[in-house]
Amino acid sequence: MNLEKAGGRLCSGKRASLPAARPFPVIQKVMASMAHLQKEKLQLQEELLGLQEKLAAQENDELSLSLQLQGQVETLKAKVLEQAQEIGRLRSELGGTDAEKHRDLLAAENERLRQEMKACEGELRELRRQQQQQAPCRDCHHRQENAELQEQLSQLQREAEETRAKLVELDLEVQQKTNRLAEVELRLKDSLAERAEEEERLSRRLRDSQETIASLKSQPQQIKYIIKTVEVESAKAKQALCETQSRNQYLQEQVGMQRQVLKEMEQQLQNSQKTEAQLRAQIVMYEAELERAHGQMLEEMQAMEEEKNRAIEEAFSRAQVEMKAVHENLAGVRTNLLTLQPALRTLTHDYNSLKRQVRDFPLLLQETLRSARAEISQAIEEVHSTNRELLRKYRRELQLRKKCHNELVRLKGNIRVFGRVRPITKEDGEGPEAANAVTFDTDDDAVLHLLHKGKQVSFELDKVFPPQASQEEVFQEVQALVTSCIDGYNVCIFAYGQTGAGKTYTMEGTAANPGINQRALQLLFSEVRGKAADWDYTITVSAAEIYNESLRDLLGKEPQEKLEIKLCPDGSGQLYVPGLTEFRVQSVEDINKVFDFGHVKRVTECTNLNEHSSRSHALLIITVRGLDRSTGLRTTGKLNLVDLAGSERVGRSGAEGSRLREAQHINKSLSALGDVIYALRSRQGHVPFRNSKLTYLLQDSLSGDSKTLMMVQVSPAEKNTSETLCSLKFAERVRSVELGPVSRKAELASWPSQEQLEGDSPGSAATPGRGHTSHSPGQLSSRSASIRRKLHTSGGWWGTLGAHMGSLHPRRLPPQARGKACMRE
Ligand code: ADP
Ligand code: MG
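Quick caveat: nothing in here was measured; it's all calculated off a predicted structure.

Parameters and conventions
Residues numbered from 1 in each chain as written. Chains lettered and ligands numbered in written order. Predicted model: local features only at pLDDT ≥ 70, side-chain atom pairs only at ≥ 80, totals over all residues. Heavy atoms only, no water. Helix = DSSP H or I, 4+ residues; strand = E, 2+ residues; numbered from the N terminus. Expected span 1.5 Å × (residues − 1). Near = heavy atom within 4 Å. Polar contact = N/O pair within 3.5 Å; in protein donor to acceptor, adjacent residues only side chain to side chain. Areas by Shrake-Rupley, 256 points an atom, 1.4 Å probe, with all protein chains shown as cover. Axes fitted to C-alpha atoms, helices over the stretch in contact; angles between N-to-C directions. Parallel < 35°, antiparallel > 145°, perpendicular 65-115°, else oblique. Left-handed = near helix turned anticlockwise from the far one by under 90°. Contact = heavy atoms within 4.5 Å. Nonpolar A, V, L, I, M, F, W, Y, C, P; charged D, E, K, R; others polar. Patch = residues over 30% accessible without salt bridge, like charges linked within 9 Å, V, L, I, M, F, W, Y side chains within 5 Å. Salt bridge = Lys/Arg side-chain N within 4 Å of Asp/Glu carboxyl O. Lys, Arg positive; Asp, Glu negative; His and termini not counted. Charge placed at Lys NZ, Arg CZ, Asp CG, Glu CD. Buried < 20%, exposed > 50% of the residue type's maximum accessible area, 1.4 Å probe, protein only. UniProt positions renumbered as here; feature names shortened; annotations may be inferred. Core = buried A, V, L, I, M, F, W, Y, C linked by side-chain atoms within 4.5 Å. Pairing = 2+ DSSP bridges. Phe/Tyr/Trp six-rings, centres within 6.5 Å; stacked < 30°, edge-to-face > 60°. pLDDT = per-residue confidence, 0-100.

**Overview of helix H11 (residues 657-681)**
Line of reasoning, step 1. For H11, spanning 25 residues, the distance from its first C-alpha to its last is 36 Å, which sits close to the expected 36 Å at 1.5 Å a residue.
Line of reasoning, step 2. Note on H11: the residue one or two positions beyond its end, Arg-683, has a positive phi of about 50°.

Here's what the structure looks like:
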């Protein structure tokens, strides 16, 4: 019962509904403890189930025991039946006078056995009653088994009843047989009595006859007389005597026979008595056997009963212990539940308040959203108007910038000349030949001094890079030029100088330390990416080579094919090269692929690349096409990066054949370039672009508002001083005409004449390039340097423009500030 109640409570505990979890720490904690309790409850239920299973197992054992008992009862019953049959048989066999006594005895025995059986059944009932009392759970499933057992028992009882009925029948039969036996006995007695009577009668007659004879013998006279009379009358007597004698004889025979029969019957009686004794002994034996079996059965029943009681007690005590534990757990769970109730109450309270909040939330949200939407649309409107204003300003600024830029270019001249001195390398060898012949002005980064044949010659360019200048520093100075190509300007960057002076290093650089080519493309990519919001840009790359005045496509399928430069058929006067391959590039990987491809082409075409490259001009043409999405404005800018052929004067050293031809071509193209630049910078009406393939190809990028940078590469080694001198002269000649025609006039008024320049030979000046004015050299150089620095810090030549740009332009510098240069060829 306790178990049931506990189970019921457990079940009701399990069914108790809990509030839904909310994302609050208290609720989570409570939920966690409740989950823990649930888990404990489940464990208890599992234990209970285990106990119930054990109980079921014990009941099964009991069932098997009772089955065994029933089996034994059955065997006993069978024995009883057998004995009853045996008794019946004996009875039928006996049929004697003691049969009744036996029957009575057997009946008594039967009665006794019946009593015992009743007692057994009573015990069994008692056991069952006890079992029912001890049964912990009335609703257990083995109750059904009990019912089945009872069913079986009642069947057995029915069978016992039937057996009893059969026994009664047998008794009846025995009775009948006993009755018949009594009749037979009676008849036997009657016949015996008759026989005795007959015997008696016969013996009496015999005796009478004998007596008659004796009396007759004792009376001889008489007898004689009688005899005589008898003899007289004897015929009749004799006959009667004979009859009597025969009759006597017959009777004696009969008596003998009857005696024989009697003897036989006595013999039969003796045999019957013997058999009866035997049967009695057998009955005694059977009774002893029955007694023993009964005793054994009782013992076994007792042992089983004890076993059962013990098992039940054990199970009961175990169940009690387990129930106690379950109760304790239940008590714990109950106390937990009690402590949880307040928490649950607060949680419910929280939950309700939250529910209210959630209910109110959509309204609040709608309200907030409405106001936010209104604010956002107002802000968007404001932003739109600001954007429109900004766009307007931006376009105006763009135009202003271009205007200012053009103005700056006009003021500064669009051709700049840089010098870069490479470091002394191992290839320069050792000794006086490899001695450094180039020095720099510490105050002016545009001036360098060359010690040539014992004389120091000074040169002033727009910027001079010393040997320690890094690729990055060099690029910083040219990057404004590169980016201007995005704005639609054409740009040319030339590397000029003798072979080995560092042209390829400056333009291409090494894989680890790339030169202007790769850095320019990278910068273009990043700039284009920065403007991607408003502009669509495409960047294409072509690579070409000019060797012996023939143009070849380095990226084409037919590198040997000579390309022609033609006028656009649209009449725009623009030039183009039919068949020149253009690659669209979008990443550094693309650039590397293009460069590698071009290199491979150059390498496979030439037996000695260095030799060949020094005799040809290598061009990298980058075209940047842009479309302003908002205005529809289209721009096209070209960046031409040219690694020129070596400028050394081969022709003078008596070269012949192809070498001489190469040298002539190179000289021609380089001086054509010089001429073009000169003509451009001196704003001449005619610019001789067509004098060489190089200038003709670059015509677009050299004329108009295009920008040009000449990077003059020089070697500092003593042995190269005469070539260095020539390169620097070339540079300065280009640069010396940098001013526009109007300004030039003013400048030329104080510009040293050709004679002066001739006279101002290297070494003739104690302080070369300086000292021709009233200013001290230091003053002058530092002034021009500071102006240049200002220009550089304000974003480079073509970079951002300051309002004071005009006043900072070198054009305004006194001519003395420009170093004198040796202009002699
Ligand atoms: P060019 O192309 O004018 O014939 P290179 O660029 O091939 O000359 O340079 C010749 C050598 O001098 C190369 O080995 C190159 O690495 C080295 N060189 C040139 N300029 C520099 C420099 N600024 N710093 C270090 N090495 C240089
Ligand atoms: Mg080279």
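So much for the structure itself; the text now carries on.
**Here we look at the site of ligand 1**
Line of reasoning, step 1. Around ligand 1 lies a shell formed by Arg-420, Arg-422, Pro-423, Gln-498, Thr-499, Gly-500, Ala-501, Gly-502, Lys-503, Thr-504 and Tyr-505.
Line of reasoning, step 2. Contact between ligand 1 and Lys-503: an oxygen atom at 2.8 Å from a main-chain N or O atom of the residue.
Line of reasoning, step 3. Relative to its unbound accessible area of 560 Å², ligand 1 is 70% covered by the protein chains.
Line of reasoning, step 4. For the shell around ligand 1, the leading source of residues is helix H7 (residues 503-507), giving three residues.

**Things to note about the packing of helix H6 (residues 471-484) against helix H8 (residues 516-530)**
Line of reasoning, step 1. Contact geometry for H6 and H8: axes closest at 10 Å, N-to-C directions at 50°. In terms of axis orientation, H6 runs oblique to H8. Once H6 is placed against H8, the crossing between them reads as right-handed. Residues Gln-471, Glu-472, Val-474, Phe-475, Val-478, Gln-479, Val-482 and Thr-483 of H6 pack against Ile-516, Arg-519, Ala-520, Leu-523, Leu-524 and Glu-527 of H8.
Line of reasoning, step 2. Grouping the constituent residues of the contact of H6 with H8 by class yields eight nonpolar, three polar and three charged.

**Quick word on a negative patch on the surface**
Line of reasoning, step 1. A surface patch of like charges, here negative, comprises Asp-190, Glu-194, Glu-197 and Glu-200.
Line of reasoning, step 2. Checked against the element boundaries, Asp-190 lands in helix H4 (residues 142-217).
Line of reasoning, step 3. Classification of Asp-190 as partly exposed rests on a relative accessible area of 45%.

**Section: a nonpolar patch on the surface**
Line of reasoning, step 1. A contiguous nonpolar patch, built from Phe-361, Leu-364, Leu-365 and Leu-369 and spanning about 370 Å² of accessible area, is present on the exposed surface.
Line of reasoning, step 2. With respect to the secondary-structure elements, Leu-364 resides in helix H5 (residues 220-412).
Line of reasoning, step 3. Among the residues examined, Leu-364 registers a relative accessible area of 57% and is labelled exposed.

**As for the UniProt feature "binding site: ATP" (unreviewed entry) in the protein chain**
Line of reasoning, step 1. UniProt feature "binding site: ATP" (unreviewed entry): in the numbering of this structure it lies at Gly-497, Gln-498, Thr-499, Gly-500, Ala-501, Gly-502, Lys-503 and Thr-504.
Line of reasoning, step 2. By secondary structure assignment, the location of Gly-497 is in strand S6 (residues 491-497).
Line of reasoning, step 3. Given the relative accessible area of 0%, Gly-497 is considered buried.
Line of reasoning, step 4. Sequence-distant contacts of Gly-497, defined by excluding residues within four places in its chain, comprise Lys-503, Ala-645, Gly-646, Ser-647, Gln-713 and Ser-727.
Line of reasoning, step 5. Checked against the element boundaries, Lys-503 lands in helix H7.

**A short note on the nonpolar core**
Line of reasoning, step 1. Judged by nonpolar contacts, the single largest core of 48 residues is most densely connected at Phe-494, Leu-694 and Met-710.
Line of reasoning, step 2. With seven residues, H11 is the largest single contributor of residues to this core.
Line of reasoning, step 3. In this view, Phe-494 contacts Val-642, Leu-644, Leu-673, Leu-694, Leu-698, Leu-702, Thr-708, Leu-709, Met-710 and Met-711; residues no more than four positions away in its chain are not counted.
Line of reasoning, step 4. With 39 residues, the next largest nonpolar core counts Val-528, Val-541, Leu-554 and Ile-591 among its residues.

**Re H8**
Line of reasoning, step 1. Taking 1.5 Å of rise per residue, the 15 residues of H8 would be expected to cover 21 Å, and the 21 Å separating its terminal C-alpha atoms lies within 8% of that figure.
Line of reasoning, step 2. Three or more residues of H8 are buried, namely Ile-516, Asn-517, Gln-518, Arg-519, Ala-520, Leu-521, Leu-523, Leu-524, Phe-525 and Val-528.

**Quick notes on the sheet that holds strand S3 (residues 447-452)**
In a beta sheet, neighbouring strands pair by backbone hydrogen bonds and run either parallel or antiparallel.
Line of reasoning, step 1. Spatially, S2-S3-S4 is the arrangement adopted by the three strands of the open sheet, whose pairing is antiparallel. Strands at the two margins of the open sheet, each flanked by one partner only, are strand S2 (438-440) and strand S4 (455-460). Strand-to-strand twist in this sheet, taken as the mean axis angle between neighbours without regard to direction, amounts to 25°.
Line of reasoning, step 2. Sheet topology note: the S3/S4 ladder contains six bridges and is antiparallel. Bridging across to S4, Leu-451 finds its partner in Gln-456.

**Description of the packing of aromatic side chains**
Here the distance between the centres and the angle between the planes together describe a pair of aromatic rings.
Line of reasoning, step 1. Taken as a whole and judged by the stated rule, the model has four aromatic pairs.
Line of reasoning, step 2. When the centroid spacing of 5.4 Å and the interplanar angle of 15° are considered together, the rings of Trp-535 and Tyr-537 count as stacked. This pair shows no difference in class: Trp-535 is buried, exactly as Tyr-537 is.
Line of reasoning, step 3. Ring centres of Phe-583 and Phe-597 lie 6.3 Å apart, and the angle between their planes is 85°; on these two criteria the pair is classed as edge-to-face. You can see Phe-583 sitting in strand S12 (residues 583-584) and its partner Phe-597 sitting in helix H9 (residues 588-605), a full 14 residues away along the chain.

**Comments concerning the pairing of S6**
Line of reasoning, step 1. Here S6 lies mainly inside the structure; seven of its seven residues are buried.
Line of reasoning, step 2. Here S6 shows no split at all, with Val-491, Ile-493, Ala-495 and Gly-497 on one side and Cys-492, Phe-494 and Tyr-496 on the other all buried.
Line of reasoning, step 3. Pairing of S6 with strand S14 (residues 634-643) involves five bridges; the strand directions are parallel. Bridge pairing in S14 links Phe-494 to Val-642.
Line of reasoning, step 4. Relative to strand S15 (residues 707-714), S6 runs parallel, the two being bridged by seven bridges. Paired with Ala-495 across the strands is Met-711, a residue of S15.

**Describing the pattern of salt bridges**
Line of reasoning, step 1. All told, the structure shown has 21 salt bridges when counted by the stated rule.
Line of reasoning, step 2. Residues Arg-625 and Glu-582 are paired through a salt bridge, measuring 3.7 Å at the closest nitrogen-oxygen approach. On the criterion of sequence distance, the pair formed by Arg-625 in strand S13 (residues 617-628) and Glu-582 in the loop between strand S11 (575-576) and S12 is long-range, its members being 43 residues apart.
Line of reasoning, step 3. Taking relative accessible area as the criterion, Arg-625 reaches 33% and is therefore assigned partly exposed.
Line of reasoning, step 4. The class for Glu-582 is partly exposed, based on a relative accessible area of 41%.
Line of reasoning, step 5. The salt bridge partner of Glu-662 is Arg-615, with a shortest N-O separation of 3.6 Å. Of this pair, Glu-662 sits in helix H11 while Arg-615 sits in the loop between helix H10 (609-614) and S13; the two residues are 47 residues apart in sequence, bridging distant segments of the chain.
Line of reasoning, step 6. Sharing partners across several salt bridges, the network here consists of Arg-615, Glu-648, Arg-659 and Glu-662.

**Describing unusual backbone geometry**
Line of reasoning, step 1. The phi dihedral of Lys-453 falls on the positive side, at around 50°, and the residue is not glycine.
Line of reasoning, step 2. Note on placement: Lys-453 falls in the loop between S3 and S4.
Line of reasoning, step 3. We note that Glu-549 has phi near 65°; this positive angle belongs to a residue other than glycine.
Line of reasoning, step 4. Along the polypeptide, Glu-549 turns up in the loop between strand S7 (535-547) and strand S8 (550-553).
Line of reasoning, step 5. Given a relative accessible area of 14%, Glu-549 falls into the buried group.

**Thoughts on the confidence of the model for the protein chain**
Line of reasoning, step 1. For the protein chain, mean pLDDT is 78; residues scoring 70 or higher make up 77% of the total.
Line of reasoning, step 2. Counting contacts from residues 1-23, a segment whose pLDDT is below 50, to residues more than four positions away or on other chains yields 34 contacts.
Line of reasoning, step 3. Within the model, the stretch residues 738-825 combines pLDDT values under 50 with 143 contacts to residues more than four positions away or in other chains.

**Details of the side chain of Thr-724**
Line of reasoning, step 1. For Thr-724, the location among the structural elements is in helix H14 (residues 721-736).
Line of reasoning, step 2. For Thr-724, a relative accessible area of 1% gives the class buried.
Line of reasoning, step 3. Here the side chain of Thr-724 touches Ser-715 through a polar contact of 3.0 Å, landing on its backbone oxygen.
Line of reasoning, step 4. Setting aside anything within four residues of it in sequence, one finds Thr-724 in contact with Leu-450, Gln-498, Val-714 and Ser-715.

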